[in-house]
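Okay, here's what each chain looks like letter by letter:
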Amino acid sequence: MGKTQLIKPRIREILSRELPGELIQMLPKHWVQIGDVLILPLRPELEPHKHQIAEVYAQVLGVKTVLRKGRIGGEFRETNYELLYGNDAITVHVENGIKYKLDVARIMFSPANVKERVRMAKVAKPGELVVDMFAGIGHLSLPMAVHGKARVIAIEKSPYTFRFLVENIELNRVQDRMTAYNIDNRDFPGEDIADRVLMGYVGKTHEFIPKALSIAKEGAVIHYHNTVPERLMPREPFETFRRIAREHGYEVEKLNELVIKRYAPGVWHVVVDVRVFKK
Ligand SMILES: C[S@@+](CC[C@H](N)C(=O)[O-])C[C@H]1O[C@@H](n2cnc3c(N)ncnc32)[C@H](O)[C@@H]1O
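Every value quoted in this text rests on a predicted model; they were computed, and no experiment measured them.

### A look at the site of the ligand
- For the ligand, the set of nearby residues contains 20 residues, the closest of which are F134, E156, D184, N185 and G200.
- At 3.0 Å, a backbone N or O of F134 approaches a nitrogen atom of the ligand.
- Measuring from a nitrogen atom of the ligand, one finds a side-chain N or O atom of D184 at 3.1 Å.
- A total of 600 Å² of accessible area belongs to the ligand in isolation, and the protein chains cover 96% of it.
- Counted by class, the shell around the ligand contains eight nonpolar, six polar and six charged residues.
- The residue makeup of the shell around the ligand includes at least three contributed by each of domain 1 (9–88) and domain 2 (109–278).

Here is the structure:
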């Protein structure tokens, strides 16, 4: 699991011999571990000692690579971490019985989304067809194929991320029911086929609602993610979804709504489960 932990006395002990006392207080007390890669938040004051600090964390925690925490951005949701220790951020992370192979330096894997990955494993039903429009490395749809025994079409536009998606399908032995496409989901030709559509993307997800509706079968469920300013909640993001759906001749029913995590100050990442019907 991607986990947050408390600083180990051993780290403090080793670094106390090497760094000025006031810096010891600033050592990161929390970090995220994905497979055998560590993501460490470091204050600017620690900059001159960052490599030395990273090496001690790596040795005490037994990881091969340490990255400095950065921001996730852009269409492909790529990370921009700084490599502090080691040279290889490709790892296999195991969560909820699923093997996720990824390059932690370039592909996002949010520990805060774990509840949603576990929930998707439970909502999927054997034999139903799920179309994952923003598959990434299979974050949400691998659990649906592995635990839910659903059939999955996973669409991922980034060629680099797609390589891991394909590997993960094999690693988790779901080749018989999960197929991956390295295309922009707007170019996916399937219409009226999915029992369930995953829209695991934030920021501009509303732009993809018409495509999701055309992929969905009558009565299908769409899991619609987006980021929402707190002042617009709880109206949004459902209201925008319903408005766009109605403009395209669909009626919608809200089944469920969950806050996944705080995305930025005053902004939340929310998922709404919506059933869609043609008018
Ligand atoms: C946030 S990540 C996926 C995470 C996963 N769905 C989850 O919620 O944990 C979104 C992925 O969508 C991909 N993507 C962005 N635009 C796309 C498009 N138009 N078609 C297909 N994939 C796209 C990005 O490359 C990225 O890997």
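Read on for the rest.
### Examining the domain arrangement of the protein chain
- Taken domain by domain, the protein chain holds domain 1 (9–88) and domain 2 (109–278).
- Each of domain 1 and domain 2 has a C-alpha centre, and the two are 33 Å apart.

### Points about the sheet that holds strand 6 (residues 82–85)
- Ordered by their spatial adjacency, four strands build an open sheet running 1-2-3-6, and the pairing between neighbours is mixed. If you trace the sheet from one side to the other, it starts and ends with strand 1 (32–34) and strand 6, each paired once. Strand-to-strand twist in this sheet, taken as the mean axis angle between neighbours without regard to direction, amounts to 30 degrees.
- Summarising the sheet, strand 1 and strand 2 (residues 37–40) pair through three bridges and their orientation is antiparallel. Bridge pairing in strand 2 places Q33 opposite L38.

### A few points about helix 3 (residues 50–61)
- The first and last C-alpha atoms of helix 3 sit 16 Å apart over twelve residues, in line with the 16 Å expected at 1.5 Å per residue.
- Those residues of helix 3 lying buried are K50, I53, A54, V56, Y57, A58 and L61.
- In the core, the buried residues of helix 3 are packed alongside helix 1 (9–16), strand 2, strand 3 (65–68) and strand 6.
- G62 sits one or two positions beyond helix 3 and adopts a positive phi of about 70 degrees.

Conventions and cut-offs
- Residues numbered from 1 in each chain as written.
- Predicted model: local features only at pLDDT ≥ 70, side-chain atom pairs only at ≥ 80, totals over all residues.
- Heavy atoms only, no water.
- Near = heavy atom within 4 Å.
- Polar contact = N/O pair within 3.5 Å; in protein donor to acceptor, adjacent residues only side chain to side chain.
- Areas by Shrake-Rupley, 256 points an atom, 1.4 Å probe, with all protein chains shown as cover.
- Nonpolar A, V, L, I, M, F, W, Y, C, P; charged D, E, K, R; others polar.
- Domains from an automatic or database assignment.
- Pairing = 2+ DSSP bridges.
- Helix = DSSP H or I, 4+ residues; strand = E, 2+ residues; numbered from the N terminus.
- Axes fitted to C-alpha atoms, helices over the stretch in contact; angles between N-to-C directions.
- Expected span 1.5 Å × (residues − 1).
- Buried < 20%, exposed > 50% of the residue type's maximum accessible area, 1.4 Å probe, protein only.
- Contact = heavy atoms within 4.5 Å.

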